Amino acid sequence: MDIIGGPASQLLAGRVSNILKNNLLISDFKRFPDGELYTRVLDDLTCDVVTIIQSTVTDSDFVSLLQLIDACRDVSRINVVIPYMGYARQDKRFKPGEPISARAIAEAIKADKVYIVNIHDESILDHFDAEAVNLDSTPVIGKYIKNMKLMDPLIISPDEGAIGLAKNASKNLGIDYDFLEKTRHSGEIVSMKPKTLAVKDRDVIILDDIISTGGTMAETIALLKSQGAHEVYVACVHPVLSSNSTLKLFRAGVKEIIATDTIDKGVSVVSVAPVIADALRAQ
Ligand code: R5P
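These notes cover the structure that comes with them. (Residues numbered from 1 in each chain as written. Predicted model: local features only at pLDDT ≥ 70, side-chain atom pairs only at ≥ 80, totals over all residues. Heavy atoms only, no water.)

Here we look at the overall build of the protein
Here's step 1: Regarding its fold elements, the protein presents eight helices and 16 strands.
Here's step 2: Its C-alpha atoms give the protein a radius of gyration of 19 Å, within 12% of the compact-globule value 19 Å for 283 residues.
Here's step 3: The principal-axis extents of the C-alpha atoms in the protein amount to approximately 60 × 45 × 35 Å.
Here's step 4: Residues classed as buried in the protein amount to 50% of the 283 residues present.
Here's step 5: In the protein, once contacts between residues fewer than 6 apart in sequence are set aside, the share between residues at least 24 apart is 61%.
Here's step 6: With the model as given, the accessible surface of the protein reaches about 13,300 Å², and the carbon-plus-sulfur share is 49%.
Here's step 7: Averaged over its 31 positive side-chain charges, the protein has a centre that lies 5 Å from the centre of its 38 negative ones. (Helix = DSSP H or I, 4+ residues; strand = E, 2+ residues; numbered from the N terminus. Rg over C-alpha atoms; globule rule 2.2 N^0.38 Å. Buried < 20%, exposed > 50% of the residue type's maximum accessible area, 1.4 Å probe, protein only. Contact = heavy atoms within 4.5 Å. Areas by Shrake-Rupley, 256 points an atom, 1.4 Å probe, with all protein chains shown as cover. Lys, Arg positive; Asp, Glu negative; His and termini not counted. Charge placed at Lys NZ, Arg CZ, Asp CG, Glu CD.)

Written out as structure tokens, the structure reads:
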């Protein structure tokens, strides 16, 4: 199998190819003078199977992924790994006239098999023409948490959507979990339903799939601190960390931000490469 790392997932593609000992092909990513993207796979495709690894954090990342898929269309089998799938949060028509953006993105991706890491909602998998698989990174996040020196820890899900993550991550650790209920008022503003949690003098890890504006985490940190939590850590699968979110988290009192490398950021201390490698090996 050949592996192609897209521009947004070079580190992760490198790590996956290290584990699997497969060819890692080099591509060229640049722009034409008018701003359009130019993509070229520089190495020859040598195998019947190619795996393209590319997160779609930005619109350009999505175009790069489509270009890479098209460049490989003569290969017998194309696997596409989208560690972080952008637009997945628009998985419904919330207001009349809106698109289901996750469906539009999924339908544009032509491949034989698609792998996504902790997709925002599993219903999105049905929109792909190809067999689409959701990979769970909570075991590797849980392993990281296990090695932290924490005082009587508790894992908190900041909303009902992330309860499954908190449950799975805590499962093999012998750590309890609890959850909050969130109301989103706008893209940036959220509020938490008041709830008393057993956090006094305990270290708490808030776990969510995505940190974007940081609004969800900042509100949760404030609530936990007001209830006497000792240190508050935030952990997520996908560190989108847009705009000034990192500053917001530290101002709210976070001790450390923990994230995976589905998006390559300074806080990406947990690698999902073993999770992706296992899935590719098993196919
Ligand atoms: C929402 O459903 C997600 O699970 C996250 O809670 C959300 O994307 C976080 O966004 P933000 O950091 O902007 O509050």
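Examining the site of the ligand
Here's step 1: Neighbouring the ligand are 14 residues; Asp208, Asp209, Ser212, Thr213 and Thr216 lie closest to it.
Here's step 2: Interatomic distance of 2.5 Å between a side-chain N/O atom of aspartate 209 and an oxygen atom of the ligand.
Here's step 3: Here an oxygen atom of the ligand sits 2.6 Å away from a polar atom, N or O, in the side chain of threonine 213.
Here's step 4: Contact with the protein chains removes 91% of the 380 Å² of surface that the ligand exposes when unbound.
Here's step 5: Most atoms of the ligand, that is more than half of them, are within 2 Å of grid points of the largest pocket.
Here's step 6: Elements with a contribution of two residues or more to the shell around the ligand: β11 (182-184), β13 (204-211) and α6 (215-226).
Here's step 7: Examining the composition of the shell around the ligand, we find that four residues originate from one element, β13, more than from any other. (Near = heavy atom within 4 Å. Polar contact = N/O pair within 3.5 Å; in protein donor to acceptor, adjacent residues only side chain to side chain. 1 Å grid on protein atoms, 1.4 Å probe; cavity = no way out; pocket = protein on both sides within 12 Å on 5 of 7 lines; lining within 4 Å. Sits in = over half its atoms within 2 Å of the grid points.)

Quick word on the packing of aromatic side chains
For any pair of aromatic rings, geometry is given as the distance between the ring centres together with the angle between the planes.
Here's step 1: Enumeration according to the criterion identifies one aromatic pair in this entry.
Here's step 2: Note on phenylalanine 32 and tyrosine 38: the rings are 5.5 Å apart at their centroids and 90° apart in plane angle, and the pair reads as edge-to-face.
Here's step 3: Assessed through its relative accessible area of 41%, phenylalanine 32 is described here as partly exposed.
Here's step 4: Given the relative accessible area of 27%, tyrosine 38 is considered partly exposed.
Here's step 5: For the cation-ring pair, lysine 195 lies above phenylalanine 179, with the distance from its terminal atom to the ring centre recorded as 4.0 Å. (Phe/Tyr/Trp six-rings, centres within 6.5 Å; stacked < 30°, edge-to-face > 60°. Lys NZ or Arg CZ within 6 Å of the ring centre and 35° of its normal.)

A closer look at empty space enclosed by the protein
Here's step 1: This structure, assessed with the given rule, holds one cavity of 30 Å³ or more.
Here's step 2: Its boundaries defined by the atoms lining it, the largest cavity holds a volume of some 50 Å³.
Here's step 3: Going through the elements one at a time, β7 (113-117) and β13 are the ones with two or more residues in the lining of the largest cavity.
Here's step 4: Across the lining of the largest cavity, the residue classes break down as seven nonpolar, three polar and one charged.
Here's step 5: In this structure, the lining of the largest cavity is formed jointly by two domains, domain 1 (2-136 + 272-282) and domain 2 (138-261), each of which donates at least three residues. (Points joined across faces, edges and corners; volume = space filled by probe spheres on them. Nonpolar A, V, L, I, M, F, W, Y, C, P; charged D, E, K, R; others polar. Domains from an automatic or database assignment.)

Some words on the nonpolar core
Here's step 1: Ranked by size, the top nonpolar core spans 36 residues in total, and within it Val16, Ile145, Ile155 and Ile276 carry the most contacts.
Here's step 2: Each of two domains, domain 1 (2-136 + 272-282) and domain 2 (138-261), supplies a minimum of three residues to this core.
Here's step 3: Contacts of isoleucine 145, omitting those with residues within four sequence positions, involve Leu150, Ile155, Leu173, Ile175 and Ile205. (Core = buried A, V, L, I, M, F, W, Y, C linked by side-chain atoms within 4.5 Å.)

Quick notes on the sheet that holds strand β10 (residues 176-179)
Here's step 1: If you walk across this open sheet you meet the six strands as β10-β9-β13-β14-β15-β16, and the pairing is parallel. Each edge of the open sheet carries a strand with a single partner, namely β10 and β16 (268-270). Across the sheet, the mean angle separating the axes of adjacent strands is 35° when strand polarity is ignored.
Here's step 2: Bridge count for strand β15 (residues 256-260) against β16 is two bridges, and the pairing is parallel. Counterpart to threonine 260 in the pairing with β16 is valine 270.
Here's step 3: Contacts from helix α4 (residues 138-146) reach β9 (154-157), β13, β14 (232-239), β15 and β16, with the element oriented near 90° to β16. (Pairing = 2+ DSSP bridges. Axes fitted to C-alpha atoms, helices over the stretch in contact; angles between N-to-C directions.)

Quick notes on the pattern of salt bridges
Here's step 1: Applying the stated criterion across every chain, the model contains 14 salt bridges.
Here's step 2: Note that aspartate 28 is salt-bridged to lysine 30, the shortest N-O span being 3.5 Å.
Here's step 3: A relative accessible area of 22% means that aspartate 28 is categorised as partly exposed.
Here's step 4: Looking at lysine 30, the relative accessible area reads 47%, which means it is partly exposed.
Here's step 5: The partner of aspartate 201 in a salt bridge is lysine 200, with the nearest N and O atoms 4.0 Å apart. (Salt bridge = Lys/Arg side-chain N within 4 Å of Asp/Glu carboxyl O.)

Everything listed here is a matter of geometry and, on its own, says nothing about what the molecule does.
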